[in-house]
Amino acid sequence: EIKKHKRLYKYVKTVDGQLFNYLLGLVLFVAVHFVEYSFLFLIIGHPNWLLLGMLASVTTIIPYFGGLIANIIAVILASVVSLPLFIATLVVCLIFPNIDGYIIQPKIFGKTNNISAFATIFAIIAGGSLFGISGIIIALPGYIVLSTTFNFFKDDIFEKLEDIKDGSNSTEENKNSKD
């Protein structure tokens with residue numbers, strides 16, 4: 001009984017540690033996003049550079065697609081100011097989300113949670129397909145919990161599968177020996 005409680009405690013502690021690492025990575029990514037976009041919009045002369053930097057960083061909670069919201073707003077605002085600002089904003093909004101989504105975010109989450117870029121993208125697509133926007137938001141934490149759970153109990157799972165396999169082999173052997 002005590003052994004089971006210790007194992008449960010160790011499991012919960014492991015999941016908690018992985019989710020803490022995810023939140024740490026998310027906070028780091030939000031900070032990087034804020035600095036990056038505030039600086040970029042300041043450089044191109046966008047009048048709402050600080051507001052857009054804050055909006056871009058807050059919307060990163062929705063992986064890959066959240067920044068799109070801030071970028072659409074930035075482009076709309078720039079279109080009413082001037083054509084050169086509109087073009088510069090459009091360039092920023094086309095180039096930097098790709099850098100963020102395919103280089104910066106996977107590096108940050110890869111270091112904090114050891115998640116591959118492929119697994120990140122797959123989890124987000126699956127979460128979005130199954131549960132919409134809320135699925136996209138919970139996709140990475142959900143993947144982390146499932147992955148951590150599998151890795152924690154992996155040896156037990158494979159041991160049970162071997163027992164089942166051995167049990168079915170011995171059943172077949174008993175059947176053959178009776179014939």
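The sections below set out a description of the structure shown in this document. (Residues numbered from 1 in each chain as written. Predicted model: local features only at pLDDT ≥ 70, side-chain atom pairs only at ≥ 80, totals over all residues. Heavy atoms only, no water.)

Here the focus is the side chain of aspartate 100. When you line up the elements, aspartate 100 lands in helix 4 (residues 83-113). For aspartate 100, which is buried and forms no salt bridge, the nearest opposite charge comes from lysine 107, at a distance of 13 Å. Beyond its immediate chain neighbours, meaning those up to four positions away, aspartate 100 contacts Phe29, His33, Glu36, Tyr37, Gln105 and Pro106. (Helix = DSSP H or I, 4+ residues; strand = E, 2+ residues; numbered from the N terminus. Buried < 20%, exposed > 50% of the residue type's maximum accessible area, 1.4 Å probe, protein only. Lys, Arg positive; Asp, Glu negative; His and termini not counted. Salt bridge = Lys/Arg side-chain N within 4 Å of Asp/Glu carboxyl O. Contact = heavy atoms within 4.5 Å.)

Once that is clear, we can look at the environment of tyrosine 22. Residue placement: tyrosine 22 occurs in helix 1 (residues 2-43). When the C-alpha positions of tyrosine 22 and isoleucine 144 are compared, they lie 8.1 Å apart, and in sequence the two are 122 residues distant.

Running from N to C, helix 1 and helix 4 cross one another at 155°; their axes reach a closest spacing of 10 Å. With respect to their mutual orientation, helix 1 and helix 4 come out roughly antiparallel. Where helix 1 crosses over helix 4, the two elements pack in a sense that is right-handed. Of the residues belonging to the contact of helix 1 with helix 4, the class tally is 15 nonpolar, eight polar and two charged. (Axes fitted to C-alpha atoms, helices over the stretch in contact; angles between N-to-C directions. Parallel < 35°, antiparallel > 145°, perpendicular 65-115°, else oblique. Left-handed = near helix turned anticlockwise from the far one by under 90°. Nonpolar A, V, L, I, M, F, W, Y, C, P; charged D, E, K, R; others polar.)

Here helix 4 contains 31 residues, and its C-alpha end-to-end distance of 42 Å stays within 8% of the 45 Å for a straight helix at 1.5 Å per residue. Of all bends in helix 4, the biggest is about 40°, found at aspartate 100. When we look at burial in helix 4, the residues that qualify are Leu85, Thr89, Val92, Cys93, Asp100, Gly101, Gln105, Pro106, Ile108, Phe109, Thr112 and Asn113. In the stretch just after helix 4, asparagine 114 is the one whose phi turns positive, near 55°. (Expected span 1.5 Å × (residues − 1). Bend = angle between axes of the 7 residues up to and from the residue.)

Geometric descriptors of this kind do not, in isolation, establish any biological role.
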